[in-house]
Amino acid sequence: MTDDTDPEANLKQWKTAMQDEHDEAIANPDPSEDHRIETVEQVTYRVYFEYDAAGDTLEETRREQVEDDDDPELLSCACGVRGMTPEEARQHVRAARDAA
């Protein structure tokens, strides 16, 4: 028995279906949900340690932030829509307000 399925075609079909679902959730928000745009930011720090031989431990000696907060590339909504660009997030909130 041979498998005639095309994994690349299946992946493309899945991606298209997920993008269509994502676009639908952005354009047609559930009016009964809370729509607050949010994001999680991760700021990077460089942390320095010195070895304490007496206690056989590493002791933090200095911490410095190595990246500034940037405008987030992807946003989420409290209603559950994730991975929106800033423009998609604005579109989603406008649609939610228009539906209310």
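Below is a summary of the structure that appears in this document. (Residues numbered from 1 in each chain as written. Predicted model: local features only at pLDDT ≥ 70, side-chain atom pairs only at ≥ 80, totals over all residues. Heavy atoms only, no water.)

## Comments concerning the side chain of glutamate 88
Phase 1 of the analysis: Here glutamate 88 is to be found in helix α2 (residues 86-99).
Phase 2 of the analysis: The side chain of glutamate 88 is buried and forms no salt bridge, while arginine 90, the nearest opposite charge, is found at 10 Å.
Phase 3 of the analysis: Beyond its immediate stretch of four places on either side in the chain, glutamate 88 contacts His22, Asp23, Ile26 and Gly83. (Helix = DSSP H or I, 4+ residues; strand = E, 2+ residues; numbered from the N terminus. Buried < 20%, exposed > 50% of the residue type's maximum accessible area, 1.4 Å probe, protein only. Lys, Arg positive; Asp, Glu negative; His and termini not counted. Salt bridge = Lys/Arg side-chain N within 4 Å of Asp/Glu carboxyl O. Contact = heavy atoms within 4.5 Å.)

## Some details on helix α1 (residues 7-27)
Phase 1 of the analysis: The end-to-end C-alpha distance of α1, which contains 21 residues, comes to 30 Å, matching closely the 30 Å that a straight helix rising 1.5 Å per residue would cover.
Phase 2 of the analysis: Near the N-terminus of α1, the side chain that reaches the backbone nitrogen of glutamate 8, with its oxygen 3.1 Å away, is that of aspartate 6. (Expected span 1.5 Å × (residues − 1). Polar contact = N/O pair within 3.5 Å; in protein donor to acceptor, adjacent residues only side chain to side chain.)

## A look at the pattern of salt bridges
Phase 1 of the analysis: Tallied over the full model, the rule gives 7 salt bridges.
Phase 2 of the analysis: Glutamate 38 serves as the salt-bridge partner of arginine 36, at 3.7 Å between the closest nitrogen and oxygen.
Phase 3 of the analysis: Residue classification places arginine 36 among the partly exposed residues on the basis of a relative accessible area of 46%.
Phase 4 of the analysis: Where glutamate 87 meets arginine 90, a salt bridge forms, and the shortest distance between an N and an O atom there is 2.8 Å.

## Looking at the pairing of strand β2 (residues 45-52)
Phase 1 of the analysis: Note that β2 and strand β3 (residues 57-65) share 8 bridges and pair antiparallel. Looking at β3, one finds that tyrosine 51 is bridged to leucine 58. (Pairing = 2+ DSSP bridges.)

## Quick notes on the layout of surface pockets
Phase 1 of the analysis: Size it by volume and the largest pocket reaches roughly 230 Å³.
Phase 2 of the analysis: Glu41, Gln42, Asp70, Asp71 and Pro72 are, among the 13 residues lining the largest pocket, the residues nearest its centre.
Phase 3 of the analysis: Looking at the lining of the largest pocket, its residues break down into 4 nonpolar, 2 polar and 7 charged. (1 Å grid on protein atoms, 1.4 Å probe; cavity = no way out; pocket = protein on both sides within 12 Å on 5 of 7 lines; lining within 4 Å. Points joined across faces, edges and corners; volume = space filled by probe spheres on them. Nonpolar A, V, L, I, M, F, W, Y, C, P; charged D, E, K, R; others polar.)

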